[in-house]
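Fold and contact review
Residues per chain, in single letters:
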Amino acid sequence: LALREQLSTDQPPGIAELHRRLCASSGDHHHAEHELMECLAEMIWESQRAQRPPDQQAYLGCVQKRLQKLSAAPK
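Below, the structure is looked at part by part. (Residues numbered from 1 in each chain as written. Predicted model: local features only at pLDDT ≥ 70, side-chain atom pairs only at ≥ 80, totals over all residues. Heavy atoms only, no water.)

Our next topic: the state of the cysteines. Scanning the model with the defined rule gives 1 disulfide in all. Residue pairing for Cys39: its cysteine sulfur links by disulfide to Cys62, the two sulfurs lying 2.2 Å apart. Between Cys39 and Cys62 the sulfur-sulfur dihedral comes to about -75°; the bridge is accordingly left-handed. Remark: Cys62 occurs in helix 4 (residues 56–72) and Cys39 occurs in helix 3 (residues 29–50); sequence separation between them is 23 residues. Pair check on accessibility: Cys39 and Cys62 agree, each one buried. Lacking any disulfide linkage, Cys23 is separated from the closest cysteine sulfur, that of Cys39, by 14 Å. (Disulfide = S-S within 2.5 Å. Helix = DSSP H or I, 4+ residues; strand = E, 2+ residues; numbered from the N terminus. Buried < 20%, exposed > 50% of the residue type's maximum accessible area, 1.4 Å probe, protein only.)

Here it is in structure tokens:
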């Protein structure tokens, strides 16, 4: 639900576009959501571990790295 809310409101800004690009690269909406969830979970874990607010830029950076990997992978 958190992911769907992020996509519907584009918060953090740019997440909806990254999701669209992940869907296009993977050809699979479900796979794209799993990529986002992995990054979201990593951001939350890091935030809790360091006892600081969630880092939206790190979250977006993680998604961008996954998109690059997916785009570079042989089809």
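After that view of the structure, there is still more to cover.
Ranked by size, the top nonpolar core spans 16 residues in total, and within it Ile15, Leu22, Leu36, Tyr59 and Val63 carry the most contacts. Those elements that place two or more of their residues in this core are helix 1 (2–9), helix 2 (15–26), helix 3 and helix 4. Excluding its chain neighbours within four sequence positions, the residues that come into contact with Tyr59 are Leu3, Gln6, Pro12, Ile15, Leu36, Cys39, Leu40 and Met43. (Core = buried A, V, L, I, M, F, W, Y, C linked by side-chain atoms within 4.5 Å. Contact = heavy atoms within 4.5 Å.)

We now examine the pattern of salt bridges. As enumerated under the stated definition, the model contains 4 salt bridges in all. Here Arg4 makes a salt bridge to Glu33, at a shortest N to O gap of 3.3 Å. Of this pair, Arg4 sits in helix 1 while Glu33 sits in helix 3, and the two are 29 residues apart along the sequence. Given a relative accessible area of 53%, Arg4 falls into the exposed group. (Salt bridge = Lys/Arg side-chain N within 4 Å of Asp/Glu carboxyl O.)

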